[in-house]
Amino acid sequence: MSTTKEFLQFALEQLSELDQITYRQMMGEYIVYYQGKIAAYLCDNRFLVKPVEAARAMLPDAPMEPPYPGAKEMLLVEELEDRQALAALFQAMGPQLPAPKPKKPKAPKKKD
């Protein structure tokens, strides 16, 4: 089951108090970026965040679930109604999120 556009819009509304939130669709699911870093996945209408130390501290009872089979487990955010709490979670996570891996330069095309 893919994440619905309605769930995506709801999640983005809940994060609307934050600047620098972007997302990208990947195979019917979504990756949520905060300050240019991967912060969360929206998979099967679940909101999963990276299990950085700040997230673990703020969500001590959150279950760990993989976003898709074979993936590393992430923290399931079950309470999405509180915008301030969600914003505080992302703000605390921000400095601890890993920087994106540098993209490899594309090889120049061969000319005939």
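Residues numbered from 1 in each chain as written. Predicted model: local features only at pLDDT ≥ 70, side-chain atom pairs only at ≥ 80, totals over all residues. Heavy atoms only, no water.

Chemist: Sorry if this is basic, but what is going on with helix 1 (residues 5-14) here?
Modeler: One turn of the α-helix equals 3.6 residues, which is why residues spaced by three or four share an orientation. Residues of helix 1 that are buried include every one of Phe7, Leu8, Ala11, Leu12 and Gln14, and no others. Seen end-on, helix 1 carries its buried residues on one side only, within an arc spanning 160 degrees. Along helix 1, the residues that are exposed and aim more than 90 degrees away from the buried face are Lys5 and Glu6. Buried positions along helix 1 lie against strand 1 (21-26), strand 2 (29-34), strand 3 (37-43), strand 4 (46-49) and helix 3 (83-93). (Buried < 20%, exposed > 50% of the residue type's maximum accessible area, 1.4 Å probe, protein only. Helix = DSSP H or I, 4+ residues; strand = E, 2+ residues; numbered from the N terminus. Arc of directions from axis to C-beta. Contact = heavy atoms within 4.5 Å.)

Chemist: Just checking my understanding: could you explain the nonpolar core for this structure?
Modeler: A general trend in soluble globular proteins is that nonpolar side chains are found buried together. One finds Leu42, Phe47, Val49, Phe90 and Met93 to be the most contacted residues of the largest nonpolar core, which totals 26 residues. At the level of elements, helix 1, strand 2, strand 3, strand 4 and helix 3 are the ones that each hand at least two residues to this core. The biggest single contributor to this core is helix 3, with five residues. Contacts of Phe47, omitting those with residues within four sequence positions, involve Phe7, Ala11, Leu15, Ala40, Tyr41, Leu42, Leu75, Leu76, Val77, Leu80, Leu86 and Phe90. (Core = buried A, V, L, I, M, F, W, Y, C linked by side-chain atoms within 4.5 Å.)

Chemist: Looking at this model, I keep getting lost on the pairing of strand 3. Mind explaining?
Modeler: Along any regular strand, the residues point their side chains to alternate faces of the sheet. Of all seven residues in strand 3, six are buried; the element is thus mostly enclosed. Bridging between strand 2 and strand 3 involves five bridges; their strand directions are antiparallel. Counterpart to Val32 in the pairing with strand 3 is Ala40. What sits between strand 2 and strand 3 in their antiparallel hairpin is a turn of two residues, with Gln35 showing a positive phi close to 55 degrees. With four bridges connecting them, strand 3 and strand 4 associate as antiparallel partners. Residue pairing for strand 4: Tyr41 is matched across the bridge by Leu48. From the end of strand 3 to the start of strand 4, which pair antiparallel, there are two residues, and Asp44 there has a positive phi angle of about 50 degrees. (Pairing = 2+ DSSP bridges.)

Chemist: Explain the sheet that holds strand 3 here, please?
Modeler: What holds strands together in a sheet is hydrogen bonding between their backbones, with the strands either parallel or antiparallel. One open sheet accounts for six strands, arranged 1-2-3-4-6-5; its pairing is antiparallel. Taken across any chain shown, the strands that pair with only one partner, and hence form the sheet edges, are strand 1 and strand 5 (64-65). As judged from the two bridges shared by strand 5 and strand 6 (residues 74-76), these two strands associate in the antiparallel manner. Following the sheet pairing, Met64 is matched in strand 6 by Leu75. Along the sheet, helix 3 contacts strand 1, strand 2, strand 3 and strand 4; its crossing angle with strand 4, the most-contacted strand, is approximately 30 degrees. (Axes fitted to C-alpha atoms, helices over the stretch in contact; angles between N-to-C directions.)

Chemist: I would appreciate a short explanation of a positive patch on the surface in the present structure.
Modeler: The grouping of Arg24, Lys103, Lys106 and Lys109 at the surface amounts to a positive patch. Position of Arg24 relative to the elements: it lies in strand 1. The exposure class of Arg24 is partly exposed, given its relative accessible area of 44%. (Patch = residues over 30% accessible without salt bridge, like charges linked within 9 Å, V, L, I, M, F, W, Y side chains within 5 Å. Areas by Shrake-Rupley, 256 points an atom, 1.4 Å probe, with all protein chains shown as cover. Salt bridge = Lys/Arg side-chain N within 4 Å of Asp/Glu carboxyl O. Lys, Arg positive; Asp, Glu negative; His and termini not counted. Charge placed at Lys NZ, Arg CZ, Asp CG, Glu CD.)

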